[in-house]
Amino acid sequence: LGATAAISMRLIEASEYSGTLSSERQRAKEIRKREIIIGDSFFTSRRLCVALQEKFGHEYFGALKTNHSGTPKIQVGEIMKDWPGGGYLVLVCEELRLFFCGLQ
């Protein structure tokens, strides 16, 4: 993992199932209930999404900018190069459950 993804993993692990004074949250921790982690574009990366799924079974929701490695920035640019302004393209990676949006 990169530094940002590693720090994010530590923060998520530390706050996982927070609020365990509540019996509902205690039960969630006992059964290792899957959670949805929401983050902004600074913390979002493909590596983080994969690591969260593999280590904890949790899912991640956040904006992944095209300057991150492994995103289809070049392919989206090629597809949309002649599109009028205001156009958009949505790509779905079902394997990693990622959505990529290209805006013109």
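Residues numbered from 1 in each chain as written. Predicted model: local features only at pLDDT ≥ 70, side-chain atom pairs only at ≥ 80, totals over all residues. Heavy atoms only, no water.

### Focus: the overall build of the chain
So, step 1. From N to C terminus, the chain includes four helices and four strands.
So, step 2. Seen in sequence order, the chain has helices and strands lined up from the N terminus as α-α-β-α-β-α-β-β.
So, step 3. Taking 2.2 N^0.38 as the reference for a compact globule, 104 residues should give roughly 13 Å; the C-alpha atoms of the chain span a radius of gyration of 17 Å, well beyond that estimate.
So, step 4. Based on the C-alpha atoms only, the size of the chain along its principal axes is roughly 55 × 25 × 20 Å.
So, step 5. For the chain, the proportion of its 104 residues judged to be buried stands at 29%.
So, step 6. Residue pairs at least 24 apart in sequence account for 36% of intrachain contacts in the chain once pairs closer than 6 positions are excluded.
So, step 7. Counting only carbon and sulfur atoms, one obtains 55% of the accessible surface of the chain, whose full area is about 7,600 Å².
So, step 8. One way to put it: in the chain the 14 positive side-chain charges average out to a point 4 Å from where the 12 negative ones average out. (Helix = DSSP H or I, 4+ residues; strand = E, 2+ residues; numbered from the N terminus. Rg over C-alpha atoms; globule rule 2.2 N^0.38 Å. Buried < 20%, exposed > 50% of the residue type's maximum accessible area, 1.4 Å probe, protein only. Contact = heavy atoms within 4.5 Å. Areas by Shrake-Rupley, 256 points an atom, 1.4 Å probe, with all protein chains shown as cover. Lys, Arg positive; Asp, Glu negative; His and termini not counted. Charge placed at Lys NZ, Arg CZ, Asp CG, Glu CD.)

### Looking at a nonpolar patch on the surface
So, step 1. Taken together, the side chains of Tyr88, Val90, Val92, Phe99 and Leu103 define a hydrophobic patch exposed on the protein surface, amounting to about 600 Å² of accessible area.
So, step 2. Contributions of two or more residues to the nonpolar patch are made by β3 (88–93) and β4 (98–103).
So, step 3. It is β3 that contributes the most residues to the nonpolar patch, three residues altogether.
So, step 4. Along the polypeptide, phenylalanine 99 turns up in strand β4. (Patch = residues over 30% accessible without salt bridge, like charges linked within 9 Å, V, L, I, M, F, W, Y side chains within 5 Å. Salt bridge = Lys/Arg side-chain N within 4 Å of Asp/Glu carboxyl O.)

### Things to note about the side chain of serine 45
So, step 1. With respect to the helices, strands and loops of the structure, serine 45 is situated in the loop between β1 (36–39) and α3 (46–55).
So, step 2. At 3.1 Å, the side chain of serine 45 and the backbone nitrogen of leucine 48 are in polar contact. (Polar contact = N/O pair within 3.5 Å; in protein donor to acceptor, adjacent residues only side chain to side chain.)

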